[in-house]
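The chain contents come next:
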Amino acid sequence: MAKKEKLTCLRDLSSLPYDEIIDVRAPSEFAEDHVPAAISLPVLSDAERAKVGTIYVQQDPFLARKLGAALVAQNAAKHLQGPLSDRTGGWRPLVYCWRGGQRSGSFASILDQIGWRVGLIEGGYKSYRRLVMKALYEEAVPHRLILIDGGTGTGKTRLLEQLQQNGAQVLDLEAMAEHRGSLLGGYAGGQPAQKGFETRIAMALSRLDPARPVFVEAESNKIGRLIIPPMLWKAMSGSDHLLITAPIEARARFLTDAYHDVIDDPEALRERLGHLTRFHGAEAVEHWQQLAQAGSHRQLARELVELHYDPSYRRSSRRARAPLAEIALTGLNTADLQAAAAQIHEVVEQAG
């Protein structure tokens, strides 16, 4: 019989004695969010789940359960002959569905009959999701956050990477959101769902030591279309910050490198520039699109910084307290960022 595992905190996941976590929910449920490191082995496809649900509501619960059981058996057989075919007798899986009910119970029972020692997440994904909600919507973030603040193109993300390489704790929200945080900053693959974004944040915070500072890039309350959860946003809003500055030319060079994927797709760049029409009018945007078409990307970056990004930053960055320090970079190459990271470490040490 499968053992039920009750999650009391997010850190429990790393201490459970299982080799693999299996999400048996439908593919669309898994795509929206899932327990970290879980693999998707659905016992009902999206279409099958919808069909069983319709029969349950409109015809007969017994017929729905009978069809559901047949489909679960068929899909379980496919998983056993496919993705699980190489698992040995000592393999230990941890299984979950939406509420820890029939889908996970049925699949776990089959695995148990084979001889594997199976675990079930008590309450399923729903119980896991409650822990994420508790961490990000109810409880105060226990970590001391220090914001890396500054205008677009000042190398804040690369600076976070350098701080992390130096052993500092970092929360990289833009990486989790799969977006660079600016109007032109989306990636071709799009962003995760809001729930998936929150899972990434909650799990990252659960691994960080509250006794040590955590560096995070200053953001608005949205990164692309994703919203920073309220308790994290509240913590960020009241945190100390460091102001990063750099010369316009260095920032323009940096942006043409950082946004090379957008520059390499002229049609995508033209489309994204079009979103600026409501801020600057058709004439200005047409001029920027002409610069892009002519390959004058450095000039385009410089004008966007001076005429769009910096004014927008000044309007949105009114903070209640002065920065711990201003880190004035003369350039944005690796040596400059290494020196800035060392300076930040010293400033934070002195601030205590």
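In what follows, the structure referred to is the one given above.
All values derive from a computational prediction rather than experimental measurement.

Undergrad: Got a minute to help me understand the packing of aromatic side chains in this structure?
TA: Any aromatic ring pair is given by two values, namely how distant the centres are and how the planes are angled relative to each other. Under the counting rule described, the total for this entry stands at three aromatic pairs. With 6.1 Å between their ring centres and 50° between their planes, Tyr 125 and Tyr 128 make a pair best called tilted. Of this pair, Tyr 125 and Tyr 128 both sit in helix H6 (residues 124–138), three residues apart, which is roughly one turn of that helix. Of the two residues examined, Tyr 125 and Tyr 128, each falls in the buried class. Among the aromatic residues, those joined into a cluster by ring pairs are Trp 98, Tyr 125 and Tyr 128. Just above the ring of Trp 91 sits the side chain of Arg 87; from NZ or CZ to the centre is 5.5 Å.

Undergrad: In this structure, what is going on with the pattern of salt bridges? I would like to understand it.
TA: Oppositely charged side chains are able to pair whenever their charged atoms sit close together. Taken as a whole, this structure holds 15 salt bridges when the rule is applied. One salt bridge connects Arg 87 with Glu 20, and the closest N-O pair in it is separated by 3.0 Å. Of this pair, Arg 87 sits in the loop between helix H4 (61–81) and strand E4 (93–96) while Glu 20 is found in strand E2 (residues 20–23), placing the two residues 67 residues apart along the sequence. Relative accessible area serves as the criterion here: at 18%, Glu 20 is assigned to the buried category.

Undergrad: I keep staring at the sheet that holds strand E5 (residues 119–121) and nothing clicks. Help me out?
TA: Paired through their backbone hydrogen bonds, the strands of a sheet run either parallel or antiparallel. Overall, parallel pairing links the five strands, which are arranged E1-E5-E4-E2-E3 in an open sheet. Both edges of this open sheet fall to strand E1 (3–5) and strand E3 (39–40), since each of them pairs with a single strand only. With three bridges joining them, E1 and E5 adopt parallel strand pairing. When the sheet's bridge partners are listed, Glu 5 is paired in E5 with Ile 121. Sheet contacts for helix H5 (residues 102–114): E2, E4 and E5; angle to E4, the most-contacted strand, approximately 155°.

Undergrad: Teacher, can you tell me more about the sheet that holds strand E11 (residues 240–245) here?
TA: Taken in spatial order, the five strands of this open sheet run E7-E8-E6-E11-E12, and their pairing is parallel. The open sheet is flanked by strand E7 (169–171) and strand E12 (325–328), the only strands paired with a single partner. For this sheet, the mean inter-axis angle between neighbouring strands, taken without regard to orientation, is 30°. Two strands pair when backbone bridges link them, and strand E6 (residues 145–150) and E11 are joined in this way by five bridges, in the parallel orientation. Looking at the pairing, Leu 147 lines up with His 241 of E11.

Undergrad: Before we go on, may I ask you to explain the packing of H6 against helix H9 (residues 194–207) in this structure?
TA: Working note: a packed helix pair is described by the angle between its axes plus the distance between those axes. Two elements in contact, H6 and H9, have axes whose closest approach is 9 Å; the angle formed by their N-to-C orientations is 70°. Classified by the angle between their axes, H6 and H9 sit roughly perpendicular to one another. Read as a crossing pair, H6 and H9 show a hand that is left-handed. Where H6 abuts H9, its residues Tyr 125, Tyr 128, Arg 129, Val 132, Leu 136 and Tyr 137 lie against Lys 195, Glu 198, Thr 199, Ile 201, Ala 202, Met 203 and Leu 205. In terms of residue class, the contact of H6 with H9 is built from nine nonpolar, one polar and three charged.

Undergrad: Honestly, H9 in this entry has me stumped. Any pointers?
TA: In an α-helix, one turn spans 3.6 residues, which is why side chains three or four residues apart end up on the same side. Compared with the 20 Å implied by 1.5 Å per residue over 14 residues, the 20 Å span of H9 between its first and last C-alpha is a close match. Taking burial as the measure, the 14 residues of H9 include ten buried ones, the bulk of the element. Taken together, the buried positions of H9 are occupied by Gly 196, Phe 197, Glu 198, Thr 199, Ile 201, Ala 202, Met 203, Ala 204, Leu 205 and Ser 206.

Undergrad: Help me understand a negative patch on the surface, please; the structure alone is not making it clear to me.
TA: Together, Asp 264, Asp 265, Glu 267 and Glu 271 make up a region of like negative charge exposed at the surface. Residue placement: Asp 265 occurs in the loop between helix H12 (260–263) and helix H13 (266–274). Here Asp 265 falls in the partly exposed class, since its relative accessible area comes to 36%.

Undergrad: What exactly am I supposed to notice about the environment of Trp 91 here?
TA: Tracing the sequence through the fold places Trp 91 in the loop between H4 and E4. Distance in space between the C-alpha atoms of Trp 91 and Trp 116 is 6.4 Å, their sequence separation being 25 residues. A polar side-chain atom of Trp 91 sits 3.2 Å from a polar atom in the side chain of Glu 20.

Undergrad: For this particular structure, what's the right way to read the pairing of E4?
TA: Residues in a regular strand project their side chains so that they alternate between the two faces of the sheet. Taking every second residue as pointing to the same face, both faces of E4 are buried, with Pro 93 and Val 95 on one and Leu 94 and Tyr 96 on the other. When E2 meets E4, the two strands line up parallel, connected through four bridges. Residue pairing across strands places Ile 22 opposite Val 95, the latter belonging to E4. Summarising the sheet, E4 and E5 pair through two bridges and their orientation is parallel. Following the sheet pairing, Leu 94 is matched in E5 by Gly 119. What joins E4 to E5 is H5, and the crossover it makes is right-handed.

Analysis parameters
- Residues numbered from 1 in each chain as written.
- Predicted model: local features only at pLDDT ≥ 70, side-chain atom pairs only at ≥ 80, totals over all residues.
- Heavy atoms only, no water.
- Phe/Tyr/Trp six-rings, centres within 6.5 Å; stacked < 30°, edge-to-face > 60°.
- Helix = DSSP H or I, 4+ residues; strand = E, 2+ residues; numbered from the N terminus.
- Buried < 20%, exposed > 50% of the residue type's maximum accessible area, 1.4 Å probe, protein only.
- Lys NZ or Arg CZ within 6 Å of the ring centre and 35° of its normal.
- Salt bridge = Lys/Arg side-chain N within 4 Å of Asp/Glu carboxyl O.
- Pairing = 2+ DSSP bridges.
- Contact = heavy atoms within 4.5 Å.
- Axes fitted to C-alpha atoms, helices over the stretch in contact; angles between N-to-C directions.
- Parallel < 35°, antiparallel > 145°, perpendicular 65-115°, else oblique.
- Left-handed = near helix turned anticlockwise from the far one by under 90°.
- Nonpolar A, V, L, I, M, F, W, Y, C, P; charged D, E, K, R; others polar.
- Expected span 1.5 Å × (residues − 1).
- Patch = residues over 30% accessible without salt bridge, like charges linked within 9 Å, V, L, I, M, F, W, Y side chains within 5 Å.
- Areas by Shrake-Rupley, 256 points an atom, 1.4 Å probe, with all protein chains shown as cover.
- Lys, Arg positive; Asp, Glu negative; His and termini not counted.
- Charge placed at Lys NZ, Arg CZ, Asp CG, Glu CD.
- Polar contact = N/O pair within 3.5 Å; in protein donor to acceptor, adjacent residues only side chain to side chain.
- Right-handed = clockwise from strand over helix to strand, strands pointing away.

So, to be careful, I would describe these as geometric facts and stop short of saying anything about function.
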